[in-house]
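One letter stands for each residue in the lines below.
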There are 2 protein chains.
Amino acid sequence: MLKVRLITVGKLKEQYLRDACAEYAKRIGRFASLQIIELDESRLSDKPSRSEIDKALAKEADAILRACEGYLIALCIEGKQRTSEEFSAMIEEIGVRGQGTVSFVIGSSYGLSDQVKSRAAAKFSMSKLTFPHQLARVMLLEQIYRAFMIAGGGQYHK
Amino acid sequence: MLKVRLITVGKLKEQYLRDACAEYAKRIGRFASLQIIELDESRLSDKPSRSEIDKALAKEADAILRACEGYLIALCIEGKQRTSEEFSAMIEEIGVRGQGTVSFVIGSSYGLSDQVKSRAAAKFSMSKLTFPHQLARVMLLEQIYRAFMIAGGGQYHK
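Residues numbered from 1 in each chain as written. Chains lettered and ligands numbered in written order. Predicted model: local features only at pLDDT ≥ 70, side-chain atom pairs only at ≥ 80, totals over all residues. Heavy atoms only, no water.

(A) Geometry of the overall build of chain A. For chain A, the helix and strand inventory stands at five helices and five strands. Reading chain A from its N terminus to its C terminus gives the helix and strand order β-α-β-α-β-α-β-α-β-α. For 158 residues, the compact-globule estimate of 2.2 N^0.38 gives 15 Å, and chain A sits close to it at 15 Å. Along the longest, intermediate and shortest principal axes, the C-alpha atoms of chain A span 50 × 35 × 25 Å. Scored against the burial criterion, the 158 residues of chain A give a buried share of 54%. Relative to all contacts within chain A whose residues are 6 or more apart in sequence, the contacts with residues 24 or more apart total 86%. For chain A, the accessible area works out to roughly 7400 Å², and carbon and sulfur atoms hold 49% of it. (Helix = DSSP H or I, 4+ residues; strand = E, 2+ residues; numbered from the N terminus. Rg over C-alpha atoms; globule rule 2.2 N^0.38 Å. Buried < 20%, exposed > 50% of the residue type's maximum accessible area, 1.4 Å probe, protein only. Contact = heavy atoms within 4.5 Å. Areas by Shrake-Rupley, 256 points an atom, 1.4 Å probe, with all protein chains shown as cover.)

(B) Up close: the packing of aromatic side chains. Summed over the entire model, instances satisfying the criterion amount to twelve aromatic pairs over all chains. For the ring pair Phe31 of chain A and Tyr145 of chain A, a centre distance of 6.3 Å and an interplane angle of 55° mean the geometry is tilted. One end of the pair, Phe31 of chain A, is in the loop between helix 1 (15-28) and strand 2 (33-39); the other, Tyr145 of chain A, is in helix 5 (residues 133-151), with 114 residues separating them in the sequence. Note on Phe31 of chain A: relative accessible area 27%, which makes it partly exposed. Note on Tyr145 of chain A: relative accessible area 5%, which makes it buried. By the ring-pair criterion, three or more aromatic residues cluster together here, those being Tyr24, Phe31, Tyr145, Phe148 and Tyr156 of chain A. We note Lys158 of chain A situated over the ring of Tyr110 of chain B; from NZ or CZ to the ring centre the distance is 4.6 Å. (Phe/Tyr/Trp six-rings, centres within 6.5 Å; stacked < 30°, edge-to-face > 60°. Lys NZ or Arg CZ within 6 Å of the ring centre and 35° of its normal.)

(C) Local environment of the interface of chain B and chain A. If you look at the interface, chain B gives 33 residues, while chain A gives 33 residues. Across the chain B/chain A interface, buried area totals approximately 2800 Å², and carbon plus sulfur atoms make up 59% of it. Inspection of the region where chain B meets chain A yields 13 residue pairs in polar contact (both at pLDDT 80 or more). Of all the secondary structure elements, the ones that give two or more residues to the side of chain B that touches chain A are helix 1 (15-28), helix 3 (84-96) and helix 5 (133-151) of chain B. The dominant element in the side of chain B that touches chain A, judged by the number of residues it contributes, is helix 5 of chain B, at six residues. (Buried area = accessible area lost by both parts, 1.4 Å probe. Polar contact = N/O pair within 3.5 Å; in protein donor to acceptor, adjacent residues only side chain to side chain.)

(D) Up close: the packing of helix 1 of chain A against helix 5 of chain A. Residues and elements named next belong to chain A. One can describe the packing of helix 1 onto helix 5 by two numbers: an axis separation of 9 Å at closest approach and a directional angle of 20°. By the angle class used here, helix 1 and helix 5 are roughly parallel. For helix 1 against helix 5, the interelement crossing comes out left-handed. Contacts between helix 1 and helix 5 pair Leu17, Ala20, Cys21, Tyr24, Arg27 and Ile28 from the former with Gln134, Leu135, Arg137, Val138, Leu141, Glu142, Ile144, Tyr145 and Phe148 from the latter. Among the residues making up the contact of helix 1 with helix 5, the classes are represented as eleven nonpolar, one polar and three charged. (Axes fitted to C-alpha atoms, helices over the stretch in contact; angles between N-to-C directions. Parallel < 35°, antiparallel > 145°, perpendicular 65-115°, else oblique. Left-handed = near helix turned anticlockwise from the far one by under 90°. Nonpolar A, V, L, I, M, F, W, Y, C, P; charged D, E, K, R; others polar.)

(E) Representation of the relation of the copies chain B and chain A within the structure. Placing chain B over chain A gives an RMSD of 0.0 Å and needs a rotation angle of 180°, together with 0.0 Å of translation along the axis. The relationship between the two copies is best expressed as a two-fold rotation axis. A shared interface surface links the copies, since 100% of the contact residues of chain B are contact residues in chain A too. (Least-squares fit on C-alpha atoms with pLDDT ≥ 70 in both.)

(F) Just the nonpolar core, in detail. Counting residues in each nonpolar core, the largest one holds 74 residues, and the members touching the most others are Phe104 and Leu140 of chain A together with Phe104 and Leu140 of chain B. Setting aside chain neighbours within four positions, we find Leu140 of chain A in contact with Leu6, Leu75, Phe87, Phe104, Ile106, Phe124 and Met126 of chain A. (Core = buried A, V, L, I, M, F, W, Y, C linked by side-chain atoms within 4.5 Å.)

(G) Layout of the state of the cysteines. This model, assessed by the stated rule, comprises zero disulfides over all chains. Sulfur of Cys68 of chain A: no disulfide; nearest cysteine sulfur belongs to Cys76 of chain A and is 14 Å away. (Disulfide = S-S within 2.5 Å.)

(H) Local environment of the environment of Ala58 of chain B. By the secondary structure assignment, Ala58 of chain B is in helix 2 (residues 50-67). For the pair Ala58 of chain B and Ser113 of chain B, spaced 55 residues apart in sequence, the C-alpha separation works out to 6.3 Å.

(I) Seen up close, the sheet that holds strand 2 (residues 33-39) of chain B. Residue and element names in this part refer to chain B. Spatially, five strands are ordered 2-1-4-3-5 in an open sheet, and the strand pairing comes out parallel. The sheet is open, and its two borders are formed by strand 2 and strand 5 (122-125), each paired with just one other strand. The sheet shows a mean angle of 30° between the axes of neighbouring strands, direction not considered. The strands that helix 3 touches are strand 3 (71-81), strand 4 (101-105) and strand 5; relative to strand 3, the one it contacts most, it runs at about 160°. (Pairing = 2+ DSSP bridges.)

(J) Local environment of the environment of Glu14 of chain B. Positionally, Glu14 of chain B belongs in the loop between strand 1 (3-9) and helix 1. On a C-alpha basis, the gap between Glu14 of chain B and Tyr24 of chain B in space is 16 Å, while along the polypeptide they are ten residues apart.

Functional significance is not addressed by these values, which are geometric in nature.
The following block contains the structure:
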């Protein structure tokens, strides 16, 4: 069974986001061993300077790189966009190649440091739009579930 | 105050989606008069034929076109993708041109009929990925809220 590790920064603040993630996590559990890792979010001042942000991202990067395993996919707006079918094929291929684990990383509200992006095997963008990283977590889990449904020929994806 | 009308098909089934939409609707209410219209979803068989789907979409199209007002933006995967800043500028321009109302339409899980798409002033895609239309509603409301925050120079959008 493929291991899917989702590395995130910060805890989900809203109950509705926690419920949404729990629902998709449960569904993914039928196809893969899913592990969600919530790393500590750095505390920043109200109007942080660029250097304050970079310092926080670097600290988060250390924790992210320690947490990732296997094939690392970084979520970032400049990453490659894929259709749900292409995304599904990508995950299937990782499983077929026998990598065992695919790690996804979603950064904090300031994104990811270049250190994480350059370590990633693939950069993936879900949209040209900017979404809150907490909502992005729901969106990504839904896509991972959809990917398994597409691969399995289920009726979920039309 | 700009009127924003969101036309959707089907009721939100999950409490977490209702809560998420309610939260963003409340936030949008500070900037615009928001109205969410939930049209009836056609009932289809388990494995509907193309003609059954087309019939359902045509029926939904009639109701959608009766419900829309002002500048109509249809959400569809083949629409134009925009960044959050471009999306914000688009909504601001509609307000400046004095159209008074902008209507967004999100179809059912089978999408929208060509009749609706050809009536729309703009076609907008949030992603190359396929999302459930119910989750798309949350995503769109978040972007509308973000659009107002960008236009107002708020700190929400980084």
